[in-house]
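Here are the chains, one letter per residue:
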Amino acid sequence: MYIYNSASRKKEELIPHTAGKLNMYTCGPTVYHYAHIGNLRTYIMEDVLEKYLRFTGLDVKRVMNITDVGHLTSDGDTGDDKMLKGAKREHKTVMEIAKFYTDAFFEDCKKLNIKTPDVIEPATHCIDEFIRVITALLEKGYAYEAGGNIYFDTSKLDKYYIFNDFNEEDLAVGVREGVEADGNKRNKTDFVLWFTKSKFEDQELKWESPWGLGYPGWHIECSCISMKHLGEYLDLHCGGIDNQFPHHTNEIAQSEAYLGHPWCRYWFHVHHLNTGDGKMSKSKGEFLTVSLLESKGYDPLAYRFFCLQSHYRKTLEFSWDNLDNAAAAYSKLVARVAPLYENVTDEKTDEAVFNELLKGFREALDNDLNTAQATTALYDVLKADAPAAAKRCAVEHMDYVLSLGLAEAAKKLLAGKAKESGDIPEEVAELVKQRAEARKAKDFAKADELRAKITELGYIVEETRQGTVIRKA
Ligand SMILES: [Zn+2]
């Protein structure tokens, strides 16, 4: 597989450090609020990547952190602590907030068919690790103590800026965030490894350390959690594009200073979901979450389908119209898949036919995870002149990666249809037909009257996105 490596800014063949195995690290959520669907786009695309790597036969181990301490409202070391802010807002303790929003995050992931990583590690479980690595960085001369905090000294590196397409001045943390500079820093790009002195003395979570009672900076947690579970050589690091700088740059700085050799080979960054067109969300005060999509009648998998239709390195424009189009296309896709589940026999699939059906799909994803083209390849399979069993088998393999829940949705659709045409008495079927005509003519009073009659006969009519469904009350 070829993948765009943000560190080299080139498409490169993905070759793991150890043949046949692949180590993958993902920056997890800061659990102070619900995940925005823009954040979830990143996790969806990473999920496709992970599953495709498994699909190609690699033995993947994936680790994700949960940031439950140390992430300030600026990605530099300024502003309020996000966790503390969440706790204050909801009059709860930081740990209660962390538990609640960690659960909410994985609940959203489940609805979006995002696989749970092999290892999930909250930052608060790794304090000893952080202290150990920070101690080593101090011993090696890469860190210094000033004003009670421990800082990483970026001037000690030959090359600090990675992922730098920009002017260094613009990127300087204090300048970018428009906040007061930290007078303890020797260089403006230095960052905090351990806080003991901060402006929020009411920080709930503090731990003993050689430098006094305090808590870790945000960047150190990802380096330590990754090294703890995946060792000294990381194959692939993922995250949203907004984590490139300063977060990932700082992860590289401290990991390589600590290890004394290159750390992570490939960097995968998912671009933004753009919701700022003024017409929606912010002006209406809507916070775009999976629950909000559901409350508006959208299947979360329609959102996943929407994300797959564009490349992860392009900004994706979200609007309700765009989502409507994706939802309609998703329903149509399910309807196209459904016939493959009618009259299923256990016919064996010829391997050559199967491989031929999957060729376009593999080519699309081998080329920097082109999910839009992979979706087109799925339609090509549905159109292909091949036995239904082979097509079904190919679609199921593709959907292991795309995870659109196609088989399940198709079976549900067929079950609904069977109920509609099957054991429904003629009298009820006739009323349903008349009701459909009344609705078409926009005679809703008559439609309601007919619905009442249907109910009297012991049946329920429901409008679903797959069409009208009739079932016994
Ligand atoms: Zn991270």
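**Structural notes on the sheet that holds strand β4 (residues 59-66)**
Across a sheet, paired strands are connected by hydrogen bonds in the backbone, their directions being either parallel or antiparallel. Read across the sheet, five strands follow the order β5-β4-β3-β10-β11 without closing on themselves; strand pairing throughout is parallel. Single-partner strands in this sheet number two, and they are β5 (119-122) and β11 (264-270). The mean angle between the axes of side-by-side strands here comes to 20 degrees, regardless of whether they run parallel or antiparallel. Of the pairings in the sheet, the one linking strand β3 (residues 21-26) to β4 comprises six bridges and is parallel in character. Each bridged residue has a counterpart across the sheet, and for threonine 26 the counterpart in β4 is methionine 64. Sitting on the sheet, helix α7 (residues 218-230) is in contact with β3, β4, β5 and β10 (234-240), with an inclination near 145 degrees to β4.

**Examining helix α17 (residues 444-456)**
Residues three or four positions apart in an α-helix share a direction because the helix packs 3.6 residues into each turn. Compared with an ideal rise of 1.5 Å per residue, which puts 13 residues at 18 Å, α17 spans 18 Å between its outermost C-alpha atoms and is within 8% of the ideal. Taken from the residues just after α17, glycine 458 is the one with a positive phi, measuring 90 degrees.

**Topic: the packing of helix α2 (residues 82-90) against helix α3 (residues 94-111)**
At a minimum axis distance of 8 Å, the contact between α2 and α3 shows a crossing angle of 95 degrees. In terms of orientation, α2 lies roughly perpendicular with respect to α3. Residues Met83, Leu84, Gly86, Ala87 and Glu90 of α2 form the contact with α3, whose participating residues are Val94, Ile97 and Ala98. Taken together, the residues of the contact of α2 with α3 sort by class into six nonpolar, one polar and one charged.

**Focus on the domain arrangement of the protein chain**
In terms of domains, the protein chain is made up of domain 1 (18-270), domain 2 (293-411) and domain 3 (423-472). Taking only C-alpha atoms, the centre of domain 1 and the centre of domain 3 are 55 Å apart.

The rules behind the values
- Residues numbered from 1 in each chain as written.
- Predicted model: local features only at pLDDT ≥ 70, side-chain atom pairs only at ≥ 80, totals over all residues.
- Pairing = 2+ DSSP bridges.
- Helix = DSSP H or I, 4+ residues; strand = E, 2+ residues; numbered from the N terminus.
- Axes fitted to C-alpha atoms, helices over the stretch in contact; angles between N-to-C directions.
- Contact = placed C-beta atoms within 7 Å.
- Expected span 1.5 Å × (residues − 1).
- Parallel < 35°, antiparallel > 145°, perpendicular 65-115°, else oblique.
- Nonpolar A, V, L, I, M, F, W, Y, C, P; charged D, E, K, R; others polar.
- Domains from an automatic or database assignment.

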